[in-house]
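Results of the structural survey
So the chains spell out like this:
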Amino acid sequence: MNTQYSTGHAGCSCGRRGFLRGAAALGFTSLMAGSAVADGCVVFDQARQAATTPDDAIARLKAGNARLLAGETVNCDILGQIRATATGQAPFAAIVGCIDSRVPPELVFDQRIGSVFAARIAGNFVNTDIIGSLEFATKITGARAIVVLGHTECGAIRGAISNAQLGNLTATLSNIEPAVVAMRGFEGKRTADNGAFVQAVADMNAKLAAKMILDRSVVIRDLVEAGDVKVVAAMHDVATGRVDFLN
């Protein structure tokens, strides 16, 4: 007889008390999962957005990425959300990301329709057009946080390091050059085949973009100084799905 299934075994938790504890734990897990689904499926409106602080916005994104890593993403009635947002939007955050197909912001942070603005461009840099879009997202529409989301194994970063020349892409990659230049003190090969250097440039590029938003936008800088918005940089690992916030 396998004694681990005996209720009298000293190391067993399969008796009545163990069963009740297990059932309670399962019930709590189910309750928490149900709570996450209920909260995650509520469409953001102006009242809910206004009740969200910048720190709340960042925490919500972190919690969404944690759900992704735990395999506990929230499934909602997408058509219902489309109908609920048909007459307006009130996202809680704006994300500047790369066009890389492995880094869709809504999936990375387990968000849904009406939750986040997403601006995407190769190399997740910012320029006048993107900063203007972020001013719309924050000052006009009320988003409480801006995240510049870089990622590992970025082809645009490698292209900028290699000074790649290809049509209009040449001008696009030139926007990443300041991050390459900023790594002058890097010890090791400053080449696109050095993964450590590529990642160092990717980190710097995200940080410089976050800084540039504040340097070039009086509108957003005023919102930050008033405590209404936060601007941060983050890095997504395409091998694991994990997002680390850099500052």
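Here we summarise the structure given alongside this text. Since the model is a prediction, treat every value here as computed from it, not as a measurement.

**What to know about the state of the cysteines**
Counting across every chain of the model gives 1 disulfide. One disulfide bridge connects Cys41 with Cys76, the sulfur atoms lying 2.1 Å from each other. As the torsion about the S-S bond is roughly -90°, the Cys41-Cys76 disulfide counts as left-handed. Remark: Cys76 occurs in the loop between α3 (54–70) and α4 (78–84) and Cys41 occurs in the loop between α1 (16–40) and α2 (46–50); sequence separation between them is 35 residues. With a relative accessible area of 19%, Cys76 lands in the buried category. Sulfur of Cys98: no disulfide; nearest cysteine sulfur belongs to Cys154 and is 4.2 Å away. Given a relative accessible area of 5%, Cys98 falls into the buried group. Residue Cys154 is classed as buried on the basis of its relative accessible area of 2%.

**Thoughts on the pairing of strand β1 (residues 93–97)**
Regular strands show a simple pattern: their side chains alternate between the two faces of the sheet. For β1, the buried fraction is high: 5 of the 5 residues fall into the buried class. Neither face of β1 is open: one carries Ala93, Ile95 and Gly97, the other Ala94 and Val96, and all of them are buried. The sheet contact formed by β1 and strand β2 (residues 116–120) spans 5 bridges and is parallel. Within β2, the position partnered with Ile95 by the bridge is Ala118. In the sheet, β1 pairs with strand β3 (residues 145–151) via 5 bridges, with the strands oriented parallel. Of the residues in β3, the one forming a bridge with Ala94 is Ile146.

**Digging into the environment of Asp56**
Among the structural elements, Asp56 can be located in helix α3. Linking Asp56 and Phe92, residues 36 residues apart in sequence, is a C-alpha distance of 9.1 Å.

**Things to note about the side chain of Asn205**
With respect to the secondary-structure elements, Asn205 resides in helix α10 (residues 195–216). A residue is classified by how much of its surface remains accessible, and Asn205, at 4% relative accessible area, is buried. Filtering out sequence-adjacent residues up to four positions away, Asn205 remains in contact with Gly123, Asn124, Ile157, Ile176 and Ala179.

**Structural notes on the packing of α10 against helix α11 (residues 218–225)**
Two numbers describe how α10 lies on α11: the axes approach to 5 Å, and their chain directions differ by 100°. Judged by the angle between their axes, α10 and α11 are roughly perpendicular. Where α10 approaches α11, its residues Ile213, Leu214, Asp215 and Arg216 are matched on the opposing element by Val218, Ile220, Arg221 and Val224.

**Things to note about a nonpolar patch on the surface**
A cluster of nonpolar side chains, namely Ile78, Leu79, Ile82 and Ile113, defines an oily patch on the protein surface of about 340 Å² accessible area. For Ile113, the location among the structural elements is in the loop between α5 (105–108) and β2.

**Points about α3**
In this model α3 runs 25 Å from its N-terminal to its C-terminal C-alpha over 17 residues, within 8% of the 24 Å that 1.5 Å per residue would give. Within the span of α3, buried status applies to Pro54, Ala57, Ile58, Leu61, Gly64, Asn65 and Arg67. Taken together, the buried residues of α3 touch β1, α5, β2, β3, β4 (230–236) and β5 (243–245). Positive backbone phi, at 70°, marks Gly71, one or two positions downstream of α3.

Analysis parameters
- Residues numbered from 1 in each chain as written.
- Predicted model: local features only at pLDDT ≥ 70, side-chain atom pairs only at ≥ 80, totals over all residues.
- Heavy atoms only, no water.
- Disulfide = S-S within 2.5 Å.
- Helix = DSSP H or I, 4+ residues; strand = E, 2+ residues; numbered from the N terminus.
- Buried < 20%, exposed > 50% of the residue type's maximum accessible area, 1.4 Å probe, protein only.
- Pairing = 2+ DSSP bridges.
- Contact = heavy atoms within 4.5 Å.
- Axes fitted to C-alpha atoms, helices over the stretch in contact; angles between N-to-C directions.
- Parallel < 35°, antiparallel > 145°, perpendicular 65-115°, else oblique.
- Patch = residues over 30% accessible without salt bridge, like charges linked within 9 Å, V, L, I, M, F, W, Y side chains within 5 Å.
- Areas by Shrake-Rupley, 256 points an atom, 1.4 Å probe, with all protein chains shown as cover.
- Salt bridge = Lys/Arg side-chain N within 4 Å of Asp/Glu carboxyl O.
- Expected span 1.5 Å × (residues − 1).

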